[in-house]
Protein chains: 6
Amino acid sequence: MDSIKSDFQRPDGREFDELRQCRVYPHWTSNPEGSVLIECGGTRVLCTASWEDQVPSWRAGSGLGWVTAEYAMIPRATGTRNSREGGKNSRSQEISRLIGRSLRMAVDFEAMGECAVYIDCDVLQADGGTRTASITGGWIALKEAAQWALKNGRVAKDFIKHQISAVSVGIVEGAEVLDLPYAEDCKASTDMNVVQTESGEFVEIQGTGERSPFSSSQLSFLLDLASKGNKELQIKQREALA
Amino acid sequence: MDSIKSDFQRPDGREFDELRQCRVYPHWTSNPEGSVLIECGGTRVLCTASWEDQVPSWRAGSGLGWVTAEYAMIPRATGTRNSREGGKNSRSQEISRLIGRSLRMAVDFEAMGECAVYIDCDVLQADGGTRTASITGGWIALKEAAQWALKNGRVAKDFIKHQISAVSVGIVEGAEVLDLPYAEDCKASTDMNVVQTESGEFVEIQGTGERSPFSSSQLSFLLDLASKGNKELQIKQREALA
Amino acid sequence: MDSIKSDFQRPDGREFDELRQCRVYPHWTSNPEGSVLIECGGTRVLCTASWEDQVPSWRAGSGLGWVTAEYAMIPRATGTRNSREGGKNSRSQEISRLIGRSLRMAVDFEAMGECAVYIDCDVLQADGGTRTASITGGWIALKEAAQWALKNGRVAKDFIKHQISAVSVGIVEGAEVLDLPYAEDCKASTDMNVVQTESGEFVEIQGTGERSPFSSSQLSFLLDLASKGNKELQIKQREALA
Amino acid sequence: MDSIKSDFQRPDGREFDELRQCRVYPHWTSNPEGSVLIECGGTRVLCTASWEDQVPSWRAGSGLGWVTAEYAMIPRATGTRNSREGGKNSRSQEISRLIGRSLRMAVDFEAMGECAVYIDCDVLQADGGTRTASITGGWIALKEAAQWALKNGRVAKDFIKHQISAVSVGIVEGAEVLDLPYAEDCKASTDMNVVQTESGEFVEIQGTGERSPFSSSQLSFLLDLASKGNKELQIKQREALA
Amino acid sequence: MDSIKSDFQRPDGREFDELRQCRVYPHWTSNPEGSVLIECGGTRVLCTASWEDQVPSWRAGSGLGWVTAEYAMIPRATGTRNSREGGKNSRSQEISRLIGRSLRMAVDFEAMGECAVYIDCDVLQADGGTRTASITGGWIALKEAAQWALKNGRVAKDFIKHQISAVSVGIVEGAEVLDLPYAEDCKASTDMNVVQTESGEFVEIQGTGERSPFSSSQLSFLLDLASKGNKELQIKQREALA
Amino acid sequence: MDSIKSDFQRPDGREFDELRQCRVYPHWTSNPEGSVLIECGGTRVLCTASWEDQVPSWRAGSGLGWVTAEYAMIPRATGTRNSREGGKNSRSQEISRLIGRSLRMAVDFEAMGECAVYIDCDVLQADGGTRTASITGGWIALKEAAQWALKNGRVAKDFIKHQISAVSVGIVEGAEVLDLPYAEDCKASTDMNVVQTESGEFVEIQGTGERSPFSSSQLSFLLDLASKGNKELQIKQREALA
């Protein structure tokens, strides 16, 4: 893949289409049915999956399962301390909805039966891409919970029908780049989060011209970068579960 | 433009690439500096623009202006009554952020000076596409406020540098369609909101695979539909301001 | 009727006992069972009535119906923008209680059965008298809902036993006047809202000496003015429903 | 005074135009600048007045003083326990506004200077008429604070220009009665609170047809009853301050 | 008992091991099943006990009763007015939990059956030791409610198995003292609240080195002082109930 | 040390006076000025210390520094998922106050100058003793921040004047034990948290008879156990900082 504009040097020396180092620690805490500490560069998110033997009341009687997510940052995940929000501010709620929506696409709700999984993503350290790391890590926690449910007789078969991961792409100083750390993110003219399946199909695209609009050809290039990134992240996901 | 799948009949008889009837009532109320009632089919949104001679404290001293937006639904905008939320629930806040972000791309903040415009979008009747109607109508109200500011000596020149409109596209029963009413929206497998400038560049793309992921070629087709729709909406915007 | 003090000139040139122009747009939106846009001079309120086939839990088993109301202003209904409150501030809640109490007097709860009507009054433009316009318009929306319920077999007979309207009166620069716009309201020494039935009996009187106390004879004169105003508003109500 | 309908026997044996026993304990607690425990029959309210040497920021620079009030019930003031609300529910806030509005009519804000008095009315036992007892007792606390301010050099002269008291009247089983206890209040067809000055002029009238509308002649009779009651309560107020 | 350091003169002239004057007014209000006004020096707390014939849902089916408590201050209980909090701030909630926990130790939940008592402690005047006065007074209100329940056939036997009282001790200017008023409390280097039974056993000890840590021997001395104080308070409790 | 009752076997096989395995990971995240992951058996808390170059406004102008703390649990720290509370529930706030109070005893506020440290304790996994682990770990984070401040010229000397740690003790099945895991905690008859300095003096003692009162001799034994535990924890603290 060729970058449209190659004279931009990334602060951490990466190639324009190179992911940050990604480490996954499965079963990181022992209480939840799924629990993953995921590190994408300086971003570190604890993703837990909590199984419940019932669905929320509005879904009772449907025969179908449910998956939802909550995202929050601890106060000093970032460079300066933010007041404790416990997932209540509107940015956190918007991200929670994105994570929940994305992970629900992974699930066969009929196979799940009237049970629910709650995904909690707590950002312990933030360096850009916290929502995409939450989706990528959240999917592993969800898969661990599915394995737990199968092993413990809660379900008859694995209810995970898609592998889901997410990555950010963006345009910084005119150059399209993959997996932006905070230093790039805060000066990007375009910022995009792309959620994809194992076959590269799109689950969610959220692209914003933060400083200026972007063209069709820029969009194409960014989506190619994202596809490359998600393919590599999905390998990490499978390794963690192996 | 050819629809990929043409045997889907739209409930209201429209062509797959046809907008709903769009009516704009400029200066609909008299207190705000900008005020527009916009109707897109059965969706009806009152968009007001309130000028303030100062910016929020965090932006003071920057020499730059500010634009922000709030979106809310009245309780019985929809088929069944929702509890009154006053823009406080997380869906409304997410939409408010989208509207504000989109409209800020229209503005030359230096030309604006340290003044602010508050865009309020109150949905009086909802039939799908309320957030895109809010952006399209909100831009007209913003432009009215800019004209007011110029006429009243608050600014030296028109600070609107881009024309901005938004429209929804989606995939319903396998067919890509433009400008979905509620009846289509609630069974769409993919739902996408596209915000564009007068030159067709993208300000924001939010695409969600609600029921199944979508492919690259579907994405291309949807973006073409959106471009057609936004071009037509921008003609309406200009007519309303004439 | 003679004004006690006749040398006060009303800003809009009206006689002391003259209502502002009142326009009623019935069935203004299509989702609610009742929906009325009412304009009293510069005041514009959207009143909707939402039917529900059950009563709140505390009234279940009584065999009786229920009517309640909520009032709110959009942020830029007034000359300067207020923060969005969604009916939550104490002034709005006090007005909501007044509207609900007044409209409940119109209803035969036995004839209604265990069903409920929720009246929502959203002030789109405010120029004094928003609470009285809400009651006058809310009664029309309630009546529309009663007609809907009769037509759709929810009730066996019309459950509206009284016609209810409301109007403001006050003392401005020593003169008693009917139907105060904001310009008069903010300098009135006495301000009074009067809710009456079709026979002129009182449903609610709320009179406040804002700047000085008022005497018995002033009270009598104000109540006569209110009776005249409510009689005329009730003609408008009947015309709108015809 | 003759009662229109005299065969109604009041539960506590009082005449239709007779007040309940009213006891006032001035300076009941020692921290506040004014502090009164007032008992009207079974209703017992602790009214405190807190002096502050500054006004709220919105009134700064006006040269004028300010008086405001807060009303709350302790959980078991009534026959069954209510959840603790701390003056936050809408009924309490409505009553707080009534008390504040009424007591502000007593004050010469210029003579007060840029100082404020906060009146707190905490209902320790409720048996009807808690809002009127709060106004009657609140005025004594306010007067005590005015005396304190004069004595302590905060003001040059007494800034209380009116004596204010309040009482309830109503129609029970067709009979007009004065000063309703809870047992009468909950079956009254009309309920009215009347705030008056030392000369009998009206500061506030809030009359509600709770079960049926009321006529002009009923209104007149009720206002006469209220005038009689307030006259007697004002004697109690003066005695307490003597 | 000898004070370790005897040259400290208490502001109110008391001996180091002397309680403030304690007065108890049983059955102070008539609605609650238990109601006590307790005065410990300048501290005055109204403690009510509300009986309910059912337990909270989480305890239903256990066959056991429940006791809980809520503590709040009226705004001007203290020297300067605090904003009305209705028991919602964290200090009040912490104290509420302490009172509830302490009083639950008094109760035989089996003998109580599936009934609940809600203790409300409203501080009308504060001069130090409000939480301990609340426990001491709350126990009397609880006992009154138990007597009411026995008399009214709600329980078969007295379910109060322990007598509970509480007192504060502390170190002021190096001297250990009993029952600190506000003037001592705000300069104490150690502050301790001690809840004890009729046999002197400990229900709760909360000791804090506010300005400096305290030693083992200081702790012993403070606990001896507390035991003396609680013994005397328990005599007051029994007298009030006699 | 001899246990009073030695036939109780601890679930994890420890001696009655033996701490759980305690591991400390200093500088666990890189954004905060102090950051420690502390593990005490199955309890795992992330403690961060955030330096600010100013104090809260109420302390400005005093010349003194400030330390405060916030404690929260992630939803699935425990065996079943709790709703996300972000430190807002009353239990969390009570614990936050305890941590803040305890750590303030460690600090020479004059040496600190008008700067502040915010300690955040986020419980990632809970198995009893989360508040004591927060204090023990919080002190290390605070010390790291003090070292940072000294190194970065914010202060002229180390402002930590005391070493502070905390441990729980309790009575389980009649046996006094040190450092209770959840399995013991939930059946303890007495539960006590003890905060001590490097010399063994007490900073805070919070002892509760959860099921029955406790005697003087039991108290003495528990305090001896706590002193032994804190001595050992303080060795761990010093090792982590070495």
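Residues numbered from 1 in each chain as written. Chains lettered and ligands numbered in written order. Predicted model: local features only at pLDDT ≥ 70, side-chain atom pairs only at ≥ 80, totals over all residues. Heavy atoms only, no water.

Below, the discussion takes up the side chain of B:Arg76. Mapping B:Arg76 onto the fold places it in the loop between β4 (66–73) and α1 (90–104). Of the polar contacts made by the side chain of B:Arg76, one reaches the backbone oxygen of B:Thr78; its length is 3.2 Å. Within the structure, the side chain of B:Arg76 is placed 2.9 Å from the backbone oxygen of C:Asn31, a separation counted as a polar contact. (Helix = DSSP H or I, 4+ residues; strand = E, 2+ residues; numbered from the N terminus. Polar contact = N/O pair within 3.5 Å; in protein donor to acceptor, adjacent residues only side chain to side chain.)

Bringing the interface of chain A and chain F into the picture now. If you look at the interface, chain A gives 33 residues, while chain F gives 33 residues. Buried area between chain A and chain F, summed over both chains or domains, comes out near 2600 Å², and the portion from carbon and sulfur atoms is 44%. Among the residues chain A hides against chain F, the three largest losses belong to A:Arg76, A:Arg81 and A:Arg84. Together they make up 30% of the total. The interface formed by chain A and chain F contains 12 salt bridges. (Contact = heavy atoms within 4.5 Å. Buried area = accessible area lost by both parts, 1.4 Å probe. Salt bridge = Lys/Arg side-chain N within 4 Å of Asp/Glu carboxyl O.)

Turning to the nonpolar core, a few remarks are in order. The nonpolar side chains of a soluble globular protein tend to be buried, and buried together. Of all hydrophobic cores here, the largest spans 456 residues; its most connected members are A:Phe159, B:Phe159, C:Phe159, D:Phe159, E:Phe159 and F:Phe159. The residues touching B:Phe159, leaving out its near neighbours within four places in the chain, are B:Trp51, B:Ala106, B:Val107, B:Asp108, B:Ala111, B:Met112, B:Leu142, B:Ala146 and B:Ala149. (Core = buried A, V, L, I, M, F, W, Y, C linked by side-chain atoms within 4.5 Å. Buried < 20%, exposed > 50% of the residue type's maximum accessible area, 1.4 Å probe, protein only.)

Attention now goes to the sheet that holds strand β6 (residues 164–172) of chain F. Taken in spatial order, the eight strands make up an open sheet running β7(E)-β6(E)-β8(E)-β9(E)-β9(F)-β8(F)-β6(F)-β7(F), and their pairing is antiparallel. The outermost strands of the open sheet, each flanked by one partner alone, are β7 (175–178) of chain E together with β7 (175–178) of chain F. Averaged over neighbouring strand pairs, the angle between their axes works out to 15 degrees when direction is ignored. Two strands pair when backbone bridges link them, and strand β6 (residues 164–172) of chain E and strand β8 (residues 188–197) of chain E are joined in this way by nine bridges, in the antiparallel orientation. (Pairing = 2+ DSSP bridges. Axes fitted to C-alpha atoms, helices over the stretch in contact; angles between N-to-C directions.)

Scanning all chains against the criterion turns up 39 aromatic pairs over all chains. Relative to C:Trp28, the ring of B:Trp28 lies with its centre 5.8 Å away and its plane at 20 degrees, an arrangement referred to as stacked. One end of the pair, B:Trp28, is in the loop between β1 (22–26) and β2 (34–40); the other, C:Trp28, is in the loop between β1 (22–26) and β2 (34–40), on a second chain. Each member of the aromatic cluster is reached from another via a ring pair, and the members are A:Trp51, A:Trp148 and A:Phe159. Over the face of the ring belonging to B:Trp28 we find C:Arg44, whose NZ or CZ atom lies 4.6 Å from the ring centre. (Phe/Tyr/Trp six-rings, centres within 6.5 Å; stacked < 30°, edge-to-face > 60°. Lys NZ or Arg CZ within 6 Å of the ring centre and 35° of its normal.)

Turning next to helix α1 (residues 90–104) of chain F. The end-to-end C-alpha distance of α1(F), which contains 15 residues, comes to 21 Å, matching closely the 21 Å that a straight helix rising 1.5 Å per residue would cover. When we look at burial in α1(F), the residues that qualify are F:Ser90, F:Ser92, F:Glu94, F:Ile95, F:Ser96, F:Leu98, F:Ile99, F:Gly100, F:Arg101, F:Ser102 and F:Leu103. (Expected span 1.5 Å × (residues − 1).)

Take the state of the cysteines next. All names here are of chain A. Counted by the stated rule, this structure contains zero disulfides over all chains. Here cysteine 22 is not disulfide-linked; the sulfur of cysteine 40 is the nearest cysteine sulfur, at 4.0 Å. The class of cysteine 22 is buried, set by a relative accessible area of 6%. (Disulfide = S-S within 2.5 Å.)

Structurally, chain A and chain D remain out of contact, their C-alpha atoms never closer than 22 Å. At the level of C-alpha atoms, the two units chain B and chain F stay apart, their nearest approach being 16 Å.

What follows deals with the pattern of salt bridges. Overall, the coordinates contain 115 salt bridges over all chains when judged by the stated rule. Measuring nitrogen to oxygen at the nearest pair gives 3.0 Å for the salt bridge that ties F:Glu70 to A:Arg84. Here the residue F:Glu70 occupies a position in strand β4 (residues 66–73), and A:Arg84 occupies one in the loop between β4 (66–73) and α1 (90–104), the pair thus bridging two chains. Assessed through its relative accessible area of 29%, F:Glu70 is described here as partly exposed. With a relative accessible area of 11%, A:Arg84 lands in the buried category.

Residues and elements named next belong to chain A. Running from amino to carboxyl end, α1 crosses helix α3 (residues 130–151) at an angle of 40 degrees, the nearest separation of the two axes being 10 Å. Between α1 and α3, the crossing angle belongs to the class labelled oblique. Relative to α3, the crossing made by α1 is right-handed. Each of Arg91, Ile95, Leu98, Ile99, Ser102 and Leu103 in α1 lies in contact with α3, whose residues at this interface are Thr130, Arg131, Ser134, Ile135, Gly138, Trp139 and Leu142. Here the contact of α1 with α3 is built from residues that sort into seven nonpolar, four polar and two charged. (Parallel < 35°, antiparallel > 145°, perpendicular 65-115°, else oblique. Left-handed = near helix turned anticlockwise from the far one by under 90°. Nonpolar A, V, L, I, M, F, W, Y, C, P; charged D, E, K, R; others polar.)

Attention shifts here to the interface of chain B and chain A. Counting residues at the interface gives 27 residues for chain B, matched by 27 residues for chain A. Roughly 2500 Å² of surface becomes buried between chain B and chain A when both sides are summed, with 53% attributable to carbon and sulfur atoms. Looking at the side of chain B facing chain A, the largest losses of area belong to B:Glu94, B:Phe202 and B:Pro213, adding up to 24% of the total buried there. Linking chain B with chain A are two salt bridges, by the criterion used here. Between A:Arg97 and B:Glu94 there is a salt bridge; the shortest N-O distance is 2.7 Å. Mapped onto the side of chain B that touches chain A, the elements with two or more residues apiece are α1, β9 (202–209) and α5 (216–241) of chain B. When residues of the side of chain B that touches chain A are assigned to their parent elements, the largest contribution, eight residues, is made by β9(B). By the bridge criterion, five bridges tie strand β9 (residues 202–209) of chain A to β9(B) in an arrangement that is antiparallel. Within β9(B), the position partnered with A:Glu204 by the bridge is B:Thr208.

Not every positive phi belongs to a glycine, and A:His27 is a case in point at roughly 50 degrees. Tracing the backbone shows A:His27 in the loop between β1 (22–26) and β2 (34–40). According to the relative accessible area criterion, A:His27 is exposed, its value standing at 55%. Phi angles above zero are rare outside glycine, and E:Asp179 is one such case at about 60 degrees. Mapped onto the fold, E:Asp179 is located in the loop between β7 and α4 (182–185). Under the relative-accessibility criterion, E:Asp179 is labelled buried at 7%.

Residues and elements named next belong to chain F. Spatially, five strands are ordered β1-β2-β3-β5-β4 in an open sheet, and the strand pairing comes out mixed. Strands at the two margins of the open sheet, each flanked by one partner only, are β1 (22–26) and β4. Taken pair by pair, the neighbouring strands of this sheet meet at an average axis angle of 15 degrees, ignoring direction.

This paragraph deals with the relation of the copies chain A and chain F. With an RMSD of 0.0 Å, chain A superimposes on chain F once it is rotated by 180 degrees and translated 0.0 Å along the axis. Read as a symmetry element, the transformation amounts to a two-fold axis. Closest approach to the rotation axis within chain A is made by the C-alpha atom of A:Gly86, at a distance of 1.9 Å. Counting the interface residues of chain A, we find that 100% of their copies in chain F are interface residues as well, pointing to one common contact surface. (Least-squares fit on C-alpha atoms with pLDDT ≥ 70 in both.)

For a regular strand, side chains alternate in direction, first toward one face of the sheet and then toward the other. All names here are of chain F. Counting buried positions along strand β2 (residues 34–40) yields seven of seven residues, so the element is predominantly enclosed. Here β2 shows no split at all, with Gly34, Val36, Ile38 and Cys40 on one side and Ser35, Leu37 and Glu39 on the other all buried. Both β1 and β2 contribute to a ladder of five bridges, which runs antiparallel. If you follow proline 26 over to β2, its bridge partner there is valine 36. Note that β2 and strand β3 (residues 43–52) share seven bridges and pair antiparallel. Counted as the bridge partner of leucine 37 is leucine 46 from β3. If you look at the hairpin formed by β2 and β3, you'll find two residues sitting between the two strands, and glycine 41 has a positive phi there, around 60 degrees.

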